[in-house]
Each structure stands twice: as C-alpha cells, then as structure tokens.
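Architecture and fold: a report
Spelled out, the chains give:
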Amino acid sequence: MGIQSREPARDPQDLERLLVVRQNQGDVEGMVALFEPEALIDVAEGDKTEVRLIRGHGEIRAFFAELCASGRKFRMGQQAPAVVNGDLALTGTRMADGKMTAEVARRQSDGTWLWTIDKYLHW
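1. Examining the pairing of strand E5 (residues 100-107)
Bridge count for strand E4 (residues 88-94) against E5 is seven bridges, and the pairing is antiparallel. When the sheet's bridge partners are listed, Leu90 is paired in E5 with Val104. Counting the residues that bridge the hairpin from E4 to E5 gives five residues, and of these Gly98 lies at a positive phi of roughly 90°. Two elements, E5 and strand E6 (residues 113-121), share eight bridges in a ladder whose sense is antiparallel.

Now the structure itself:
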C-alpha cells in the first residue's frame, strides 16, 4: 500500500485505531507515518523505572519492524477522549491488560494529526 493511499489521522482520536489496523496488517511504513519525523517513543517494558527511548523515523521503523516480525498483534483498547489545546492533543488508551498509554499529538499544517511523544505507562 502506497503512502498516498493511507488514511490520514484527521482527528487525534484516529491515531490509535490507525496504528492497530496497520500493525495487524504488518504495515511498518504506515505505522511510522503516524509519527512526526523526530518523534520520541518510550518503549520500556518491565521495571517501571527503566527508560528505553527511541527517536526519529529510523529508530521507530526498526522497532516496529521487529515488533511485527515477532508475530505480536495489537488489539484496540479503551481510548480516553483526547484533550485538545490548539495544535496539541493528549491521547491515551487503557489496553486489554489494564496498562495505559499516553501520547502527545500535534496538528500538522494540512490539518492532520501525528504523534510526537508516545509513552507506555507501567503502573
């Protein structure tokens, strides 16, 4: 699927759904396209004091390629309503296992939304 034919996130609430759909399709480039070029993702797992940051499309692509190759599939969680302040939005999802995510999205010049920060919360 070419990037021109991918559905853009016209609302910050679209990002989670698009990420899950694209991950389940194995569309790594489509997943990367939901993030700003210099986005930051904290992908730490396990000990809640651990920090594992990946930054930028190159590192994000490598992370998602590894994740898709593992066979693990994302499932839709329960999204909290986005909190929007101008061109920034706070998004978050409670996943099926009860853990939470929190993200910051930014409205782009064309009116679409991309994530700029993504954090998996370990509480």
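2. A look at the environment of Ala33
Along the chain, Ala33 falls in the loop between helix H2 (28-32) and strand E1 (35-42). Residue class for Ala33 comes out partly exposed when judged on its relative accessible area of 24%. As for Ala33 and Ile60, which are separated by 27 residues in sequence, their C-alpha atoms are 10.0 Å apart.

3. Here's the deal with the nonpolar core
Of all hydrophobic cores here, the largest spans 24 residues; its most connected members are Leu15, Leu19, Phe35, Ile41, Ile60 and Phe64. Every element with two or more residues in this core is listed here: helix H1 (14-24), H2, E1, helix H3 (56-69) and E6. Broken down by element, the residue count for this core peaks at five residues, all from H3. Those residues in contact with Leu15, other than ones at most four positions away along the chain, are Ala9, Leu34, Ala105, Trp113, Leu114 and Trp115.

4. Comments concerning H1
Structurally, the α-helix is built with 3.6 residues per turn, so residues lying three or four positions apart point the same way. With eight of 11 residues buried, H1 lies mostly within the body of the structure. Of the positions making up H1, those classed as buried are Asp14, Leu15, Glu16, Leu18, Leu19, Val20, Arg22 and Gln23. Directly beyond the C-terminal end of H1, a positive phi value near 75° is found at Gly26.

5. Concerning the packing of aromatic side chains
Evaluation of the coordinates by the stated rule reveals three aromatic pairs. Considering the side-chain rings of Phe35 and Trp115, the 5.4 Å spacing of their centres and the 50° angle between planes classify their relative orientation as tilted. Remark: Trp115 occurs in strand E6 and Phe35 occurs in strand E1; sequence separation between them is 80 residues. Here the two residues Phe35 and Trp115 agree in accessibility, since each one is buried. With a centroid separation of 5.5 Å and an interplanar angle of 55°, the aromatic rings of Phe63 and Phe64 are classed as tilted. Classification of Phe64 as buried rests on a relative accessible area of 3%.

6. Side note on the pattern of salt bridges
If you walk through the whole model with that rule in mind, you get seven salt bridges. Note that Arg17 is salt-bridged to Glu7, the shortest N-O span being 2.9 Å. On the criterion of sequence distance, the pair formed by Arg17 in helix H1 and Glu7 in the segment before H1 is long-range, its members being 10 residues apart. By relative accessible area, which is 41% here, Glu7 ends up partly exposed. In this structure, the salt-bridge partner of Glu36 is Arg106, at a minimum N-O distance of 2.7 Å. You can see Glu36 sitting in strand E1 and its partner Arg106 sitting in strand E5, a full 70 residues away along the chain. Given a relative accessible area of 10%, Glu36 falls into the buried group. Judged by its relative accessible area of 34%, Arg106 falls in the partly exposed class. Through salt bridges with shared partners, a single network forms among Glu7, Asp14 and Arg17.

Definitions and cut-offs
- Residues numbered from 1 in each chain as written.
- Predicted model: local features only at pLDDT ≥ 70, side-chain atom pairs only at ≥ 80, totals over all residues.
- Heavy atoms only, no water.
- Pairing = 2+ DSSP bridges.
- Helix = DSSP H or I, 4+ residues; strand = E, 2+ residues; numbered from the N terminus.
- Buried < 20%, exposed > 50% of the residue type's maximum accessible area, 1.4 Å probe, protein only.
- Core = buried A, V, L, I, M, F, W, Y, C linked by side-chain atoms within 4.5 Å.
- Contact = heavy atoms within 4.5 Å.
- Phe/Tyr/Trp six-rings, centres within 6.5 Å; stacked < 30°, edge-to-face > 60°.
- Salt bridge = Lys/Arg side-chain N within 4 Å of Asp/Glu carboxyl O.

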